[in-house]
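Fold and geometry: a report
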Amino acid sequence: MNCNQAIEYIHSLEKFGIKPGLERIKALCEVLGNPQNSLKFIHVAGTNGKGSTSTMISNILQKSGYNTGLFISPYVIDFRERIQYNGNMIEHSELAECVEKVKTASDKLADEGIYPTEFEAVTAAAFVYFAKKKCDFVVLEVGLGGKYDSTNIILAPYVSVLTSISLDHTNILGDTVEEIAAEKCGIIKFGGTTVAYPFQDEGAMKVIKETCTRMQNNLSVPDLSSVVLISESAEGSIAEYKDLEFSLSLTGNHMVYNACTAIEAVKSLSRFGIIINDEDIKNGLSASVMPARIEIMRNHPLVVLDGGHNEGCALALENYIRKFLADKRIIAVSSLMKDKDYETYIKIIAPYVSTFIATQAPVPRALEADKLAEYASEYCKNSNYVPNPHKAISAAFNIAEKDDVILVCGSFYLAGEIREDLLNF
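Note that the coordinates shown come from a computational prediction; the quantities given were computed from them, not determined experimentally. (Residues numbered from 1 in each chain as written. Predicted model: local features only at pLDDT ≥ 70, side-chain atom pairs only at ≥ 80, totals over all residues. Heavy atoms only, no water.)

1. A closer look at the packing of helix α7 (residues 177-184) against helix α8 (residues 202-214)
- Relative orientation of the contacting elements α7 and α8 amounts to 35 degrees, with a least axis distance of 8 Å. Crossing of α7 against α8: the hand is right-handed. On α8, the residues that touch V177, E178, A181 and A182 of α7 are G203, A204 and V207.
- Each residue belonging to the contact of α7 with α8 can be placed in one class, and the counts come to five nonpolar, one polar and one charged. (Axes fitted to C-alpha atoms, helices over the stretch in contact; angles between N-to-C directions. Helix = DSSP H or I, 4+ residues; strand = E, 2+ residues; numbered from the N terminus. Left-handed = near helix turned anticlockwise from the far one by under 90°. Contact = heavy atoms within 4.5 Å. Nonpolar A, V, L, I, M, F, W, Y, C, P; charged D, E, K, R; others polar.)

The structure is reproduced here in structure tokens:
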């Protein structure tokens, strides 16, 4: 098996869909020798901010000298982004090796009528890889929910981290923020330490506090009175938290609060005698970059790429537009998924746009471009559609002048498809 064959095998498991529950991943990891039991984890759940917070924590640990694994999703350009070691994607040959082991184990389980899903197979492959690398720590991002997510097979983590919680995946996780928070809080293990993002919905925070009390967890929430925003621009921020000054190239106030959450997470390791110094924190945060998270791709025209798709992401993008792009003519190229709350996203973003070009990411779940354009026209009169994403980007550049903004937004699938185009225009 080579790398391409490994990825094809993983994607072939899409046919099994999303099936919450730990029975299959337990069986799979049992056949593999339970590699996850040899690892130390920082487990990260939430609706928004999981990837950036996980990346910040991972980078801080690396700067502190720890060999660190990072498991995140979705990927934007390369599947291997999902499994990283010390800031580098898993090698092609090692991905092939680990997935082959997972396939062998899965084939054995198939004889018993047990069929692991795509995400379960990726999770198991990551466990095999991180165990082989003998990671000092693994920063493990939840895929969906928490309680029944395949990552939740792990033993008690060193720290459980809850990022911003809001409505998403309501068809699976529940119709209210409280129900969704309860699912996310399923990662909290008895007697541990939990760190929570400071700006939580009131109902979500109530559930977090109640769960931590019931599970006898020490709950740490960043102290907002200790946060000072020193400066901010379209390219990033300089902030201070508890007298620790740091810089971020990730933009938006929410990223500053994600950073504070990451700081509290690594500081919580002191419970185990692990002391992370301020200089390593500063260096780790400044080194943190993420593709397609309000990412500046180029200037003149300014091109901004953002893959966020739900209401929380839209509100963060709206805040960015108001602060830094309010006097600019914005040309948006957008694709959204039909199974997401695209109506709310468009209501928030489209009113700021001068020209809205609807397109269609190359996945079955993508909303048809003409339907998206029709809906956007209620909020942006100059709305049209170009189904091919590459042609949609060309159309935006054809009408953009050097002081305009091209905003590519609404889907990581779209971001992955056209990011290379944006770099080469």
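2. A closer look at the pattern of salt bridges
- The full count for this structure, using the stated rule, is 17 salt bridges.
- The salt bridge involving K323 is made with E232; its shortest N-O contact spans 3.1 Å. With K323 in helix α11 (residues 311-324) and E232 in strand β9 (residues 227-233), this pair connects stretches of sequence that are 91 residues apart.
- The network of salt bridges with shared partners includes E94, E97, K101, K132 and K133. (Salt bridge = Lys/Arg side-chain N within 4 Å of Asp/Glu carboxyl O.)

3. Concerning helix α1 (residues 3-12)
- Those residues of α1 not exposed but buried are C3, A6, I7, Y9 and I10. The arc that holds every buried residue of α1, seen down its axis, measures 155 degrees, which confines them to one face. Among the exposed residues of α1, those pointing more than 90 degrees away from its buried face are N4 and E8.
- In this fold, the buried residues of α1 make contact with α4 (92-110) and α5 (118-133).
- Capping the start of α1, N2 holds a side-chain oxygen 3.2 Å from the backbone nitrogen of N4, two or three residues further along. (Buried < 20%, exposed > 50% of the residue type's maximum accessible area, 1.4 Å probe, protein only. Arc of directions from axis to C-beta. Polar contact = N/O pair within 3.5 Å; in protein donor to acceptor, adjacent residues only side chain to side chain.)

4. What about the sheet that holds strand β16 (residues 383-385)?
- Strand order in the open sheet formed by six strands is β12-β13-β17-β14-β15-β16, with mixed pairing between adjacent strands. Taken across any chain shown, the strands that pair with only one partner, and hence form the sheet edges, are β12 (295-298) and β16. On average, each strand axis in the sheet is tilted by 20 degrees relative to the strand beside it, whichever way the strands run.
- In this structure, strand β15 (residues 355-358) lies alongside β16, joined through three bridges in parallel fashion. Within the sheet, the bridge partner assigned to I357 lies in β16 and is N384.
- Of the strands in this sheet, β12, β13 (302-306), β14 (330-334) and β17 (405-409) are in contact with α11, which crosses β17 at around 175 degrees. (Pairing = 2+ DSSP bridges.)

5. A short note on the state of the cysteines
- A complete count under the given rule lists zero disulfides for this structure.
- Lacking any disulfide linkage, C29 is separated from the closest cysteine sulfur, that of C98, by 12 Å.
- Overall, C29 belongs to the buried group, its relative accessible area being 0%.
- Of all cysteine sulfurs, the one in C212 lies closest to C260, which takes part in no disulfide; the gap is 19 Å. (Disulfide = S-S within 2.5 Å.)

6. A closer look at a nonpolar patch on the surface
- Taken together, the side chains of V228, I230 and I238 make up a nonpolar region of the molecular surface, amounting to roughly 210 Å² of accessible area.
- Within the secondary structure, I230 sits in strand β9. (Patch = residues over 30% accessible without salt bridge, like charges linked within 9 Å, V, L, I, M, F, W, Y side chains within 5 Å. Areas by Shrake-Rupley, 256 points an atom, 1.4 Å probe, with all protein chains shown as cover.)

7. Some points on the packing of helix α3 (residues 50-63) against helix α9 (residues 253-267)
- Look at α3 against α9: their axes get within 9 Å of each other, and the N-to-C directions meet at 45 degrees. Regarding the angle of α3 to α9, the classification is oblique. Where α3 crosses over α9, the two elements pack in a sense that is right-handed. Each of S52, T53, M56, I57, I60 and L61 in α3 lies in contact with α9, whose residues at this interface are M255, N258, A259, T261, A262, A265 and V266.
- Residue composition of the contact of α3 with α9, by class: nine nonpolar, four polar and no charged. (Parallel < 35°, antiparallel > 145°, perpendicular 65-115°, else oblique.)

8. Focus: the environment of T117
- Relative to the helices and strands, T117 resides in the loop between α4 and α5.
- You can call T117 buried: its relative accessible area is 4%.
- Sequence separation between T117 and M205 is 88 residues; the distance between their C-alpha atoms is 31 Å.

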